[in-house]
Amino acid sequence: MASAQTHWDVVVIGAGLAGCVAARSLALLGRSVLLVDKATFPRRKVCGCYLNGSAIETLNSVGLGDVVENLGAPRVTQIFLGTNRRLARFTLPGGVALSREALDTTLIERAVDQGVSFLAQTTARVMSAEPYGRGVELTHEHEKRVVMASVVIVADGVSGQSLRGCDDIRFDVAPASLVGTSAMSTSIPLGYTPGAINMAIGPAGYVG
């Protein structure tokens, strides 16, 4: 398992947008930061292919505004919503389409460039707080070890397991939380146009 360091200022669990931005920002402040994620990178991910103006502005505010342009993200200008056999079209200001595969990988690289240590294919389990910090059990290819952190940031999403069994932290996941899935097509279906999001909405959820 990479990095023999046993105590960190911050351990960040989850290398999505929130985790990467937090890890990089803290490293810029001079903190020692370990970022871990259970996935293999680059990874494909269903959600997050659309970045609205607010998301782009957030990237700008933390010095990552060039990421969208460098990755060649195409502009998204409208959204079609279909429900109950009706269709509505709305204009979208300032958004782009960008896969999480490309975005997450780039943000990890930017975090590492600022001194963040990154462990992929590593699951994390948050342990009980101690007077001198909180332990995080890391597992990589059946090898386990515990590191200590002054601060632990959990950004592993709705399905994350890192807080399971941590007795002094309580959280709830809504029973009706939706799960995403994806499908790939070799051709563009009729009626779909570049720069537009298409979504169908019903009582059980949405697809788009």
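Residues numbered from 1 in each chain as written. Predicted model: local features only at pLDDT ≥ 70, side-chain atom pairs only at ≥ 80, totals over all residues. Heavy atoms only, no water.

Draft legend 1. Spotlight on the overall build of the chain. Counting its regular elements, the chain contains 4 helices and 11 strands. Sorting the 208 residues of the chain into buried and exposed places 33% on the buried side. Taking all contacts inside the chain whose residues are at least 6 apart in sequence as the whole, residues at least 24 apart take part in 63%. Of the roughly 12,700 Å² of accessible surface on the chain, a fraction of 55% belongs to carbon and sulfur atoms. Positive and negative side-chain charges in the chain, numbering 18 and 17 respectively, have mean positions lying 10 Å apart. (Helix = DSSP H or I, 4+ residues; strand = E, 2+ residues; numbered from the N terminus. Buried < 20%, exposed > 50% of the residue type's maximum accessible area, 1.4 Å probe, protein only. Contact = heavy atoms within 4.5 Å. Areas by Shrake-Rupley, 256 points an atom, 1.4 Å probe, with all protein chains shown as cover. Lys, Arg positive; Asp, Glu negative; His and termini not counted. Charge placed at Lys NZ, Arg CZ, Asp CG, Glu CD.)

Draft legend 2. Structural context of helix α4 (residues 100-113). Its 14 residues place the ends of α4 19 Å apart at the C-alpha level, agreeing with the 20 Å of an ideal helix rising 1.5 Å per residue. Along α4, the positions that sit buried rather than exposed are Arg100, Leu103, Asp104, Thr105, Thr106, Leu107, Ile108 and Ala111. Tucked inside the fold, the buried residues of α4 contact α1 (17-28), β3 (50-51), α3 (66-70) and β6 (117-119). Where α4 ends, the next residue or the one after it, Gly115, has phi of about 105°, a positive value. (Expected span 1.5 Å × (residues − 1).)

Draft legend 3. Expanded view of the pairing of strand β1 (residues 7-13). Among the 7 residues of β1, 5 are classified as buried, and the element is accordingly described as predominantly covered. Pairing between β1 and strand β2 (residues 33-36): 4 bridges, direction parallel. Looking at the pairing, Val12 lines up with Leu35 of β2. In this fold, the crossover linking β1 to β2 by way of α1 has right-handed handedness. (Pairing = 2+ DSSP bridges. Right-handed = clockwise from strand over helix to strand, strands pointing away.)

Draft legend 4. Quick look at the side chain of Thr139. With respect to the secondary-structure elements, Thr139 resides in strand β8 (residues 133-140). Separated by 3.1 Å, the side chains of Thr139 and Lys144 make a polar contact. (Polar contact = N/O pair within 3.5 Å; in protein donor to acceptor, adjacent residues only side chain to side chain.)

Draft legend 5. Layout of unusual backbone geometry. Of note, the phi angle at Arg85 is positive, near 60°, even though the residue is not glycine. Relative to the helices and strands, Arg85 resides in the loop between β4 (75-83) and β5 (86-97). One non-glycine residue, Glu141, lies in positive phi territory at about 50°. Turning to its location among the elements, Glu141 is positioned in the loop between β8 and β9 (143-154).

Draft legend 6. Spotlight on the pattern of salt bridges. This structure, assessed with the given rule, holds 6 salt bridges. Between Arg43 and Asp37 there is a salt bridge; the shortest N-O distance is 3.7 Å. Asp37 sits in the buried class, given a relative accessible area of 7%. Notably, a salt bridge pairs Glu137 with Arg125, separated by 3.2 Å at the nearest N-O pair. Residue Glu137 is found in strand β8, and its partner Arg125 is found in strand β7 (residues 123-130); the two are separated by 12 residues along the sequence. Judged by its relative accessible area of 32%, Arg125 is partly exposed. (Salt bridge = Lys/Arg side-chain N within 4 Å of Asp/Glu carboxyl O.)

Draft legend 7. Representation of the nonpolar core. With 25 residues, the main nonpolar core has Val33, Leu35, Leu51 and Val116 as its most contacted residues. When contributions to this core are tallied by element, the ones reaching two or more residues are β1, α1, β2, α2 (53-61), α3 and α4. Aside from chain neighbours lying at most four places away, what touches Leu35 is Val12, Gly14, Ala15, Gly19, Cys20, Ala23, Val116, Ser117, Phe118 and Leu119. With 14 residues, the next largest nonpolar core counts Trp8, Ala124, Val136 and Cys166 among its residues. (Core = buried A, V, L, I, M, F, W, Y, C linked by side-chain atoms within 4.5 Å.)

Draft legend 8. Structural context of the pairing of β5. As paired strands, β3 and β5 are joined by 2 bridges and run antiparallel to one another. The partner of Tyr50 across the bridge, within β5, is Ala97. Strand direction decides the pairing type here: β4 and β5, joined by 8 bridges, are antiparallel. Residue pairing in the sheet places Phe80 in a bridge with Arg89 of β5. In textbook terms, the turn of a hairpin is the stretch between consecutive antiparallel strands, and for β4 and β5 this stretch comprises 2 residues, one of which, Asn84, has a positive phi near 50°.

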